[in-house]
Amino acid sequence: MPDSSAILVDSIGKTYYLGVRRRPVEALRKVSFEVRQGEVYAFLGLNGAGKTTTIKMLLDHARPSTGRCSLFGIDSRIPASRTRVGYMPDLPNFYRFLSTTEQLDYFGRLHGLGKAERLDRSRRLIQLVGLQGRENEPLKGFSRGMLQRVGLAQALIGDPALLILDEPLGGLDPMGRFEFHKIISDLKAEGRTIFFSSHILEDAERVADRVGIIHQGTLVASGRMAEIVMKESGFRIEFRRSGIDQPFDTIVAAKDWQVSYDESLVTITVPDESSLTLALAMAVQANLAVYTVTPVRSTLEQAFISELEKWKH
């Protein structure tokens, strides 16, 4: 495995057997992807797509039926693979009678930290996640969004090289989500690797370097954010009409480009730079004067929907 890999998932599958008759249900089907050290990887999918099941495989909370996965080159079934990992579940569950400070002190003890180091890290993390002023209140009075902040702090108390966050944006208000973006950027700047699952695409688009899209247990797309989004991107070209001998759509029909007309303009949309060059050359031959050329960039949401539509067919 390359030294640059923080996570390597190799063709993992997971089958559960339900009910008295042990009916097989495939939760994952030959899922493979890599997360490189120092990057932010967003693992996206609808509820029930297989995101949490994949995370369970990484943390050895469940074993894959087929395939294998590794953390920093160590098989995920081996406890040593998780010594550099911080984990935040989708629904953090704490001792609700404890305060944030007491909770972090407890987790610091589990990591073997001394008293002074536990206190120092707890103070810094409470400030990082925006809970200063509430650190001595019992968690039973906290909202879900505040508990998410505590969950992120406890995931960081051991100073991990890799963070695995399951739906970390759940329950956060718009300001909380904005602060989360900054926290992720700061953690990445420190050299940490962040792997997080989400169904909130707008937030993933802001912070992730690379993306994986999972649907019904199958990874349907994986790659750099720009690559995923550019699949649905292109260029929009507007031409002034000035005495065309033949309708422009008959020229470009074979290219499957989108064409529209108004009284003075012809507008076409092409998928990439090579098509742009060709369209401009063809326009010159058709006596069209270029009016505007505008890059068209789809959103991650549009790319996500497109991938799921392809899967249906």
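It should be noted that the structure appears before, not after, this text.
All of the points below concern the structure found in this document. (Residues numbered from 1 in each chain as written. Predicted model: local features only at pLDDT ≥ 70, side-chain atom pairs only at ≥ 80, totals over all residues. Heavy atoms only, no water.)

## Some words on empty space enclosed by the protein
- All chains considered together, the criterion is met by one cavity of 30 Å³ or more.
- Counted as a void, the largest cavity has a volume near 100 Å³.
- Lining the largest cavity are Met 88, Val 129, Gln 148, Arg 149, Leu 152, Pro 168, Leu 172, Gly 176, Glu 179, Phe 180 and Ile 183.
- Broken down by secondary-structure element, the contributors of at least two residues to the lining of the largest cavity are helix H4 (144-156) and helix H5 (174-189).
- Element by element, the count of residues in the lining of the largest cavity is highest for H5, at four residues.
- Residues that form the lining of the largest cavity fall into these classes: seven nonpolar, two polar and two charged. (1 Å grid on protein atoms, 1.4 Å probe; cavity = no way out; pocket = protein on both sides within 12 Å on 5 of 7 lines; lining within 4 Å. Points joined across faces, edges and corners; volume = space filled by probe spheres on them. Helix = DSSP H or I, 4+ residues; strand = E, 2+ residues; numbered from the N terminus. Nonpolar A, V, L, I, M, F, W, Y, C, P; charged D, E, K, R; others polar.)

## Details of the pattern of salt bridges
- Counted according to the given criterion, the structure contains 17 salt bridges.
- A salt bridge links Arg 29 to Glu 26; the nearest nitrogen and oxygen atoms lie 3.2 Å apart.
- Judged by relative accessible area, Arg 29 falls into the partly exposed class, the value being 33%.
- Across the pair Arg 177 and Asp 203 runs a salt bridge, and its minimum N-O distance is 2.8 Å. With Arg 177 in helix H5 and Asp 203 in helix H6 (residues 201-207), the pair connects residues that are 26 residues apart, well separated along the chain.
- Residues participating in the shared-partner salt-bridge network are Asp 105, Arg 109 and Arg 118. (Salt bridge = Lys/Arg side-chain N within 4 Å of Asp/Glu carboxyl O. Buried < 20%, exposed > 50% of the residue type's maximum accessible area, 1.4 Å probe, protein only.)

## Some details on the sheet that holds strand E12 (residues 258-261)
- Taking strand neighbours across the sheet as the criterion, the four strands line up as E12-E13-E11-E14 in an open arrangement whose pairing is antiparallel. Looking along the sheet, the strands with just one partner apiece sit at the ends: E12 and strand E14 (289-296). Neighbour to neighbour, the strand axes of the sheet diverge by 15 degrees on average, direction disregarded.
- Here six bridges tie strand E11 (residues 234-240) to strand E13 (residues 265-270), and the two strands are oriented antiparallel to one another. Within E13, the residue paired with Phe 239 across the bridge is Val 266.
- On the sheet, helix H9 (residues 273-285) packs against E11, E13 and E14 and is oriented at approximately 10 degrees with respect to E11. (Pairing = 2+ DSSP bridges. Axes fitted to C-alpha atoms, helices over the stretch in contact; angles between N-to-C directions. Contact = heavy atoms within 4.5 Å.)

## Remarks on unusual backbone geometry
- Despite not being glycine, Ser 11 has its phi angle at roughly 55 degrees, a positive value.
- The exposure class of Ser 11 is partly exposed, given its relative accessible area of 31%.
- In the Ramachandran plot, Asp 60 falls in the positive-phi region, its phi being about 60 degrees despite a non-glycine side chain.
- Relative to the assigned elements, Asp 60 resides in the loop between helix H1 (51-58) and strand E4 (66-71).

## Examining the sheet that holds strand E1 (residues 5-18)
- Read from one edge of the open sheet, four strands run E2-E1-E4-E5, paired in antiparallel fashion. With one partner strand each, in any of the chains shown, strand E2 (23-36) and strand E5 (74-75) form the two edges of the open sheet.
- Pairing analysis gives two bridges linking E4 to E5, with the strands arranged antiparallel. Its bridge partner being in E5, Leu 71 is matched across the sheet by Ile 74.
- Contacting E1, E2 and E4, H1 crosses the sheet at an angle of about 115 degrees to E1.

## Focus: the environment of Ala 49
- Within the secondary structure, Ala 49 sits in the loop between strand E3 (40-44) and H1.
- Sequence-wise, Ala 49 and His 215 are 166 residues apart; in three dimensions their C-alpha atoms are separated by 4.9 Å.
- When neighbours within four sequence positions are excluded, Ala 49 is seen to be in contact with Ala 27, Ile 214, His 215, Gln 216 and Gly 217.

## Digging into the pairing of E1
- As paired strands, E1 and E2 are joined by ten bridges and run antiparallel to one another. Bridge assignment links Lys 14 to a residue of E2, and that residue is Leu 28.
- The hairpin turn running from E1 into E2, its antiparallel successor, is four residues long, and Gly 19 in that turn takes a positive phi close to 75 degrees.
- Sheet topology places E1 next to E4; five bridges connect them, and they run antiparallel.

## Describing H4
- Taking 1.5 Å per residue, 13 residues should reach 18 Å; H4 reaches 19 Å between its end C-alpha atoms and fits that length.
- Counting buried positions along H4 gives twelve out of 13 residues, so the element sits mostly inside the fold.
- Every buried residue of H4 is listed here: Gly 145, Met 146, Leu 147, Gln 148, Arg 149, Val 150, Gly 151, Leu 152, Ala 153, Gln 154, Ala 155 and Leu 156.
- Where H4 is buried, its residues contact strand E6 (85-88), helix H2 (100-110), helix H3 (115-128), strand E7 (162-166) and H5. (Expected span 1.5 Å × (residues − 1).)

## Topic: the layout of surface pockets
- There is about 270 Å³ of room inside the largest pocket.
- Residue lining of the largest pocket: Leu 59, His 61, Arg 82, Val 85, Gly 86, Tyr 87, Phe 107, Leu 110, His 111, Gln 154 and Ala 155, and that is the complete set.
- Broken down by element, the residue count for the lining of the largest pocket peaks at three residues, all from E6.
- Residue composition of the lining of the largest pocket, grouped by class: six nonpolar, four polar and one charged.
- The volume enclosed by the second largest pocket comes to roughly 220 Å³.
- Along the walls of the second largest pocket sit Arg 121, Arg 124, Leu 125, Leu 128, Leu 156, Ile 157, Asp 159, Leu 187, Glu 190 and Arg 192, which together make up its complete lining.
- Among the elements that take part in the lining of the second largest pocket, H3 stands out by supplying four residues, more than any other.
- In terms of residue class, the lining of the second largest pocket is made up of five nonpolar, no polar and five charged.

These figures come from the coordinates and say nothing about function on their own.
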